[in-house]
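# What the coordinates show
Here is how the chains run, residue by residue.
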Amino acid sequence: MKISSFNQSYRSSESGNILVGAMIMSTVFGITLLGYLNLVGNQYRFIARSQVWNETIPLAESGVEEALAHINYNGVDNLDSDGWEFIGTNYVKTVDLDNGTYKVWISDDENPIIYSQGSVTSSLAPDDFTRTIRVTTQKNAMFMKGMVAKDDIDLNGNNVETDSFDSKDPSASTSGFYDPAKRKANGDVATNSSLENRLRIGNANIIGRVSTGPGGSVSIGSNGAVGSLEWHADGNSGVMPGWSSDDMNVDFVDITLPFTNGNYPTSGSINGESYEYVIGSGNYELNGFSLSGKKKIAVTGDATLLVTGDISMAGQAAIEIKPGASLTLYMTGASTKFSGQGVVNETGNALNFSYYGLSSNTSIKLSGNAGFVGTIYAPDAAFTLGGGGNDTSDFIGASVTDSVKMNGHFNFHYDENLGREGPGSGFVATAWHEITGGVDIPLPEYYDNDDSDQLVLTSAITTDSPPLVEPSIVDAIINDPIGTIFDPEPTPSTTTSSSPSDSGGANSGGGTTTTASTDTGSGDTTSGSTSSSSSDDDSGESSAPGNSGSAPGRNKDNKKNKNK
C-alpha cells in the first residue's frame, strides 16, 4: 500500500509539473505572439502612414499642374475663371479627388507664385495628412537665343558673324541701336537636333555659345571660332571650352490664327508718295501679294496682317514700318521671299516687326542688301539668308525656324531685350520648395473680417510626425497670410527643394565638337578631335508658343476692388 501511494503521489506531482510548465510555456508564447502581433501592427501602421504621407505630394503637384495650365491658357489677367476665385491677393481653387484633396493659390504677381496643398485621409491611417509646396514661375520667352532651328544649321557663307546687344541698356547699345563698340557675346546659335554635325559652323565667328540636342555634335572649319569677345579678340579658333553644350531640348508649338476675317487694305499716299497699300491700326488680310519695281506697303499704326498666299518682293519693293508703328504678320502661304529692300523697320526696334509662320509656311528667303530688323518664328520653314555685306547690320533681332542656311556675307545681331520684353510662350516652373516639412497643417480656411475676405492658415497643428521645419517658420505659417510670409524664402533645416527643367533648361551638358582639318569653308568633317565642354550659364532655351496666354479679361485692380 505504501508503494502504491508513493507511485500515485509521484504521478500526481509529475502531472502538476507538466501542467505548470505548459502554462508557463503558453504564457511565454502568448506574450511573444502578442509582442509580435503588436510589432506587425505597428509596422503595418507605419507603412500605411508612410504611404498616405507620400500620397500628399503627388496631389499637391497635381494642383501645381492645374495652376500652370490655368495661367498659360487664360493669361495672368483673366485668372478668376474656370472655377477659380480671387480672394485677397490670390486666385484660389479646391479640387476633391477619390484619394484626397488639393487646394491651390496663384499669387497676383507679374511672375505668379503657386502654393499647393495636398491632403489625404485614409482608413489605414486615421490622421489627416497635409503637405504644401511653393513653386516659383517665370515667363518663358520665345526668343531666348539669337538663332534657333529644329534641325539643320549651315553657316558656310563668307564672313558670317553673330553677336548680341541690348536695345534697353545704354552700355550695350546707342540710343537703342546696335553699336559694334558696345556689342556683347550672347549671339547664341542652337539646334534641337541630336544628329551628328547638324550644326555646321564652317568658318563663321560665333560670338556666343552653340548648342545641340542631346548627343548632337558641332562641326567647325579651321578658321571658325565660337566663344567670348576676348576669345575672338585674341585670334583663337575652334570652340572655347565651356561654350558648347548638347542640352537643347525644346518644344516648338504651332502658331494659331489671331482672327478669321480682317479688313482688306487699300492704296494711298503719304507725304506725296504713293503706296500699293496703306495699313493703319487693326486687323488686315491679304490673299498673298507680289511686289516689284518701286511698289511699297506702308504701315502707320499697330497692325496685324494675315497673309493667306505666297509673298514675293523684288527690285525696290518694300514694306515700310513708319516711326511709332508696328506690324505683326501671320503667314499661312507656303513661300515668303523678302528681296530688294524687303522689310524696312524705320523704328529700329525688333519688337516692332514680328513674323509668324504657321505650319503651312515651309520656306523663307531673305536676300538683297537691305537690313532686317525684327523677329521670325516659323518652326516649319527652311530659312535661307543670302546677300548682305553692305553694312554691319544685316539682321537685327532673332529667329526660330526649321533650318537655317547662310549664303554670303551676313552679320546676325541678337537683341537681348527680346528675352525680356519679347513674346512669351506662357509660364514655366523654375523651382519648387516644400514649405511645411513634416508638420501636419490643416488646409487654410477663409473667414470674413469686417466684410473683407482674408486668407489665413488655421492655428490647429498636429505634431504626430517630428517637426521638420524651424519653430519660427511654423509660427509664421500660423500667423501670417499665405503669399506674404515666404519672402524672402525660409531656410528650414530639412526643406526639400529642386529645380525642375524648364522647356528650354539651362545649358548644363557637354556637347561634342568636331574640328575640320582643312579650311574649305564647307564645314564638312574630314578628320578632327572631340572635346567635352562644361556647363554655361545661359538662362535656357525658348519654347515657342501657339498662344502667348494673353486672353482678354478684366483689369486686375478692378477685380481686387470688386472682391474687397
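In this text, all values refer to a predicted model and were calculated from it rather than measured experimentally. Going along each chain's sequence as written, the residues are numbered from 1 onward. Owing to the predicted nature of the model, reporting of local features is limited to residues with pLDDT of at least 70; listing and counting of side-chain atom pairs is limited to 80 or more, with chain, interface and lining totals taken over all residues. Hydrogen atoms and water are omitted, and side-chain values are computed over all heavy atoms in the structure.

### Quick notes on the overall build of the protein
Quick reminder of the rule: For helices the rule is a DSSP run of H or I covering at least 4 residues; for strands it is a run of E covering at least 2, with both sets numbered from the N terminus onward. Between two residues, a contact is recorded if the distance between any of their heavy atoms is within 4.5 Å. Surface exposure here means Shrake-Rupley accessible area, sampled with a 1.4 Å probe, where a residue is shielded only by the protein chains that are shown.
The helix and strand inventory of the protein stands at five helices and 37 strands. For the protein, contacts bridging at least 24 residues in sequence account for 57% of all contacts bridging at least 6. For the protein, the computed accessible surface area is about 25500 Å², with 49% contributed by carbon and sulfur atoms.

### Remarks on the sheet that holds strand β17 (residues 266-270)
By way of backbone hydrogen bonds, the strands of a sheet pair with one another, either parallel or antiparallel. Quick reminder of the rule: Pairing between strands is defined by DSSP: at least two bridges between the two strands are required. Here the axes come from fitting lines to C-alpha atoms, over the contacting stretch only for helices, and the angles between their N-to-C directions go from 0 to 180 degrees.
With respect to topology, five strands assemble into an open sheet ordered β17-β18-β21-β24-β27, the strand pairing being mixed. The sheet is open, and its two borders are formed by β17 and β27 (342-345), each paired with just one other strand. Along the sheet, successive strands turn relative to each other by an average axial angle of 35°, direction set aside. The pairing of strand β24 (residues 318-321) with β27 spans four bridges and is parallel.

### Considerations on a nonpolar patch on the surface
Inclusion rule: Candidates for patches are residues over 30% relative accessible area with no salt bridge; among them, like charges are joined within 9 Å and nonpolar side chains (Val, Leu, Ile, Met, Phe, Trp, Tyr) within 5 Å. By salt bridge we mean one thing: a side-chain nitrogen of Lys or Arg within 4 Å of a carboxyl oxygen of Asp or Glu. Type-normalised accessible area, obtained with a 1.4 Å probe on protein chains alone, sets the label of each residue: buried when under 20%, exposed when over 50%, and partly exposed for intermediate values.
On the surface, a cluster of nonpolar side chains totalling about 470 Å² of accessible area is made up of V20, I24, M25, V28 and F29. Inspection of the secondary structure puts V20 in helix α1 (residues 2-74). Accessibility expressed as a relative area gives 44% for V20, which makes it partly exposed.

### Some details on the confidence of the model for the protein
Put simply, the rule reads: Confidence of the predictor in every single residue is expressed as pLDDT, which spans 0 to 100.
Across the protein, the average pLDDT comes to 76, with 71% of residues at 70 or higher. In the model, residues 437-564 has pLDDT below 50 throughout and makes 280 contacts with residues more than four positions away in sequence or in other chains.

### Some details on the environment of K168
As a reminder of what qualifies: Distance and chemistry together define a polar contact, namely a pair of N or O atoms within 3.5 Å, with one atom able to donate a hydrogen and the other to accept it when in protein, and with adjacent residues in sequence counting only for side-chain atoms on both sides.
Tracing the sequence through the fold places K168 in the loop between β8 (161-165) and β9 (189-191). A C-alpha to C-alpha distance of 8.7 Å links K168 and E416, two positions 248 residues apart in sequence. A polar contact is formed between the side chain of K168 and the side chain of E421, at a distance of 2.8 Å.

### Some details on the packing of aromatic side chains
The way to describe two aromatic rings as a pair is by their centre distance and the angle between their planes. Spelled out, the test is: What counts as a ring pair is set by centres within 6.5 Å for rings of Phe, Tyr and Trp (its six-membered ring), and what kind of pair is set by the plane angle: stacked under 30 degrees, edge-to-face over 60, tilted for all other angles. Note on geometry: a ring has a charge over it if NZ (lysine) or CZ (arginine) is within 6 Å of the ring centre and within 35 degrees of the ring normal.
Tallied over the full model, the rule gives nine aromatic pairs. Between F86 and Y91, the ring centres sit 4.5 Å apart and the planes meet at 50°, which makes this aromatic pair tilted. A single burial state applies to F86 and to Y91, both of which are buried. When the ring centre of W243 is taken as reference, the NZ or CZ atom of R209 above it lies at 4.0 Å.

### Structural notes on the pairing of strand β13 (residues 217-220)
Side chains of β13 alternate between two faces, with S217 and S219 and V218 and I220 buried alike. Sheet topology note: the strand β10 (residues 199-202)/β13 ladder contains three bridges and is parallel. When the sheet's bridge partners are listed, R200 is paired in β13 with S219.

### Points about the side chain of T191
Take T191: it is sitting in strand β9. One polar contact links the side chain of T191 to the main-chain amide nitrogen of S193, over a distance of 3.1 Å. In contact with T191, not counting residues within four places along its chain, are A149, K150, D151, I153, L199, S211, T212, G213 and M248.

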